[in-house]
Amino acid sequence: MEVMNCKHKMKWWKDAKFGMFIHWGLYAVLKKGEWVMYSSKIPVHKYEKLARKFNPIKFDAKQWVRIAKNAGMKYIVITAKHHEGFAMFQSKTSPYNIVDATPFNSDPLKELAEECQKEGIKLCFYYSHVIDWHHPDSLHDRANNTWDYELDKKDFYKYWNGLAKPQIKELLTEYGPIGLMWFDTAGGLSKEDSEEMVQLVRSLQPDCLINSRVSHCPGMGDYQSKGDNEIPMLGQDAREFETPMTMNQSWGYSDKDQVWKTTASLLRKLVNIVSKGGNLLLNVGPTPDGEIPGQSVERLAEIGEWLDINGEAFYGTSPCPYPYELEWGSITMKSGYLYLHVYSEYWPQANLQLYGLRNKILKAYILSDPNKASLEFIQTYDSETNHYSLSIEVPNIAPDKNIAVIALKIDGEIDVDE
Ligand code: H79
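Because the structure is a prediction, the values reported are computed rather than measured.

How each quantity is defined
Residues numbered from 1 in each chain as written. Predicted model: local features only at pLDDT ≥ 70, side-chain atom pairs only at ≥ 80, totals over all residues. Heavy atoms only, no water. Axes fitted to C-alpha atoms, helices over the stretch in contact; angles between N-to-C directions. Helix = DSSP H or I, 4+ residues; strand = E, 2+ residues; numbered from the N terminus. Parallel < 35°, antiparallel > 145°, perpendicular 65-115°, else oblique. Left-handed = near helix turned anticlockwise from the far one by under 90°. Contact = heavy atoms within 4.5 Å. Nonpolar A, V, L, I, M, F, W, Y, C, P; charged D, E, K, R; others polar. Pairing = 2+ DSSP bridges. Domains from an automatic or database assignment. Buried area = accessible area lost by both parts, 1.4 Å probe. Salt bridge = Lys/Arg side-chain N within 4 Å of Asp/Glu carboxyl O. Near = heavy atom within 4 Å. Polar contact = N/O pair within 3.5 Å; in protein donor to acceptor, adjacent residues only side chain to side chain. Buried < 20%, exposed > 50% of the residue type's maximum accessible area, 1.4 Å probe, protein only. Phe/Tyr/Trp six-rings, centres within 6.5 Å; stacked < 30°, edge-to-face > 60°. Lys NZ or Arg CZ within 6 Å of the ring centre and 35° of its normal.

### Some points on the packing of helix α8 (residues 156-173) against helix α9 (residues 191-204)
In contact at an axis separation of 10 Å, α8 and α9 are set at 25 degrees when each is read in the N-to-C sense. With respect to α9, the element α8 is oriented roughly parallel. Considering how the two elements wind past one another, α8 and α9 form a crossing that is right-handed. Two secondary-structure elements touch here, α8 through Phe156, Tyr157, Trp160, Lys165, Ile168, Lys169, Leu172 and Thr173 and α9 through Asp193, Glu196, Met197, Leu200, Val201 and Leu204. Its residues placed into classes, the contact of α8 with α9 shows 9 nonpolar, 1 polar and 4 charged.

What follows is the structure, given as structure tokens:
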């Protein structure tokens, strides 16, 4: 197979902007998030028993993919194995997997792979390549825990060669084309070992992208994973990025955690990230029964409604041409267009002002208006101060309760004063 050049290989991901993160594992049974084994210091032999209780009879790959697709998401990243060490797929490498160890006795990733393929969604896998609390030889911090491991007897390569690498191979040979491999928490891994993992993925699926957390050394992988829930400042760095984000506070299902971000706030974060050239990977933590929580489904549906109307200003766009943040919202652009995403609480009384735009405006309209009725505007240039300014006459009331987009059809290539 010919290896695509780097730019081309990234294109689907650059255009996608919005993906679904799914944290699902044995931890769901305890309903206290995905770190419960660590936080509650549950010994391995006890934690293993959760598998017998894991029977997600309500799991429906069709429904999950539909929820993602209706939200406007273009890819799904699911935890094939999180830090707990349990494989959520049929693994010949270890019987500690959902097919061999649970009454469910079926491979949800197979079903997801088929459904994603049908629906044109890219399926991607999260794999905890360094931390594995189940394997006695994996690297992790076991300070103050009561687990049954002995740190000085660890032989990391037993874990690395005996479990991590073979499972990566299974994931990249048994599930069709995989969009990207999402690694996490590489502390303690040498640069050489990270490079070996990159090479392994490349050798199995040359077009599969790799996130930067494959290594703790900067610059590795195809794009930068920002810190969990981290939104960078505008123009902070040039590298392609993705922000992994939760809707409440935990990644894995938790019945205690009811601090949910509002749809309005999630939409602002989404648009803000995209205006900076990044992607948002928004998490859901399905229940032990296999359902995506109602609070998440609701929010995703509302985001999807907004994207149905305003997708033109979102998918396939390039970042804001200004090097500073705007007080009323965010900007995205495409060849011939500039899109002003105005957050409803900053909707101006009569006129929206934009400074520094040198292009001649051919037309201004509200993107959600089916008639694309022209808005009046005035462009001025002050030769004394060398300042360009644009004033757009807008309706009194914000045309969207979350974010209203003003589309500007511009003449020529974008040209702004910095
Ligand atoms: O998969 C999600 C997290 O489980 C994982 N990355 C995202 C995508 C992650 N790995 N490490 N960390 C997050 C940071 C760990 C934070 C901790 Fe704690 C602070 C671990 C122990 C103290 C907070 C409190 C989380 C568990 C207990």
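### Some thoughts on the sheet that holds strand β14 (residues 387-393)
Taken in spatial order, the 3 strands of this open sheet run β11-β14-β13, and their pairing is antiparallel. Edge positions in the sheet fall to β11 (351-355) and β13 (377-382), since each of these pairs with one other strand and no more. Pairwise comparison of adjacent strand axes, ignoring direction, gives a mean angle of 15 degrees for this sheet. For β11 and β14, the ladder comprises 5 bridges, and the chain directions are antiparallel. Of the residues in β14, the one forming a bridge with Asn351 is Glu393.

### Here's the deal with the domain arrangement of the protein
When its domains are assigned, the protein resolves into domain 1 (6-313) and domain 2 (329-410). For domain 1 versus domain 2, the separation of C-alpha centres amounts to 38 Å. Of the residues lining the interface, 12 residues belong to domain 1; the matching set on domain 2 comes to 16 residues. Both faces considered, domain 1 and domain 2 share a buried interface measuring about 1300 Å² in area, 54% of it formed by carbon and sulfur atoms. Contact with domain 2 buries surface across domain 1, with Arg268, Glu312 and Ala313 losing the most and accounting together for 47% of the total. Seen at the junction of domain 1 and domain 2, the total is 1 salt bridge. In this structure, Glu345 engages Arg268 in a salt bridge whose closest nitrogen and oxygen atoms are separated by 2.5 Å. Elements supplying a minimum of two residues to the side of domain 1 that touches domain 2: α10 (263-275) and α11 (294-310). For the side of domain 1 that touches domain 2, the residue count by class is 7 nonpolar, 3 polar and 2 charged.

### A short note on the sheet that holds strand β6 (residues 224-225)
One open sheet holds the 8 strands; their spatial order is β5-β4-β3-β2-β1-β8-β7-β6, and the pairing between them is parallel. The two strands at the open ends of the sheet, each matched to only one other strand, are β5 (209-210) and β6. Here β6 pairs with strand β7 (residues 241-245) via 2 bridges, running parallel. Opposite Ser225, over in β7, you have Glu242 as the bridge partner. Against the sheet, α11 touches β1 (18-22) and β8 (278-284), its axis set at about 150 degrees to β8.

### As for the pattern of salt bridges
Counted according to the given criterion, the structure contains 17 salt bridges. Residue Arg358 pairs with Asp417 through a salt bridge whose shortest N-O separation is 2.7 Å. Separated by 59 residues along the polypeptide, Arg358 in the loop between β11 and β12 (361-366) and Asp417 in the segment after β15 (403-410) bring together distant segments of the chain. Overlapping salt bridges, with partners in common, bring together Lys9, Arg202 and Asp222 in one network.

### Digging into the site of the ligand
Around the ligand, a shell composed of 14 residues is seen, among which His23, Glu34, Trp35, His82 and Asp184 lie nearest. Here Asp184 contributes a side-chain N or O atom positioned 2.8 Å from a nitrogen atom of the ligand. The side chain of Thr185 places a nitrogen or oxygen atom 3.4 Å from a nitrogen atom of the ligand. Taken together, the residues of the shell around the ligand break down into 5 nonpolar, 5 polar and 4 charged.

### Description of the pairing of strand β2 (residues 75-81)
With respect to burial, β2 is a largely interior element, 7 of its 7 residues being buried. Direction of pairing for β1 relative to β2: parallel, over a ladder of 4 bridges. Note that in β2 the partner of Met20 across the bridge is Ile76. Where β2 meets strand β3 (residues 122-127), 6 bridges bridge the pair, whose relative direction is parallel.

### Things to note about the packing of aromatic side chains
Aromatic ring pairs are described here by two measures, namely the spacing of the ring centres and the angle between the planes. Counted by the stated rule, this structure contains 24 aromatic pairs. Seen from their ring centres, Tyr322 and Tyr324 are 5.4 Å apart, and the 55 degrees between their planes marks the pair as tilted. Joined through ring pairs, the aromatic side chains of Trp24, Phe54, Phe59, Trp64 and Phe104 make up one cluster. Above the face of the Tyr175 ring, Lys110 is positioned so that its terminal group lies 4.7 Å from the ring centre. A cation over an aromatic ring shows up here: Lys226 above the ring of Phe241, its NZ or CZ 5.9 Å from the ring centre.

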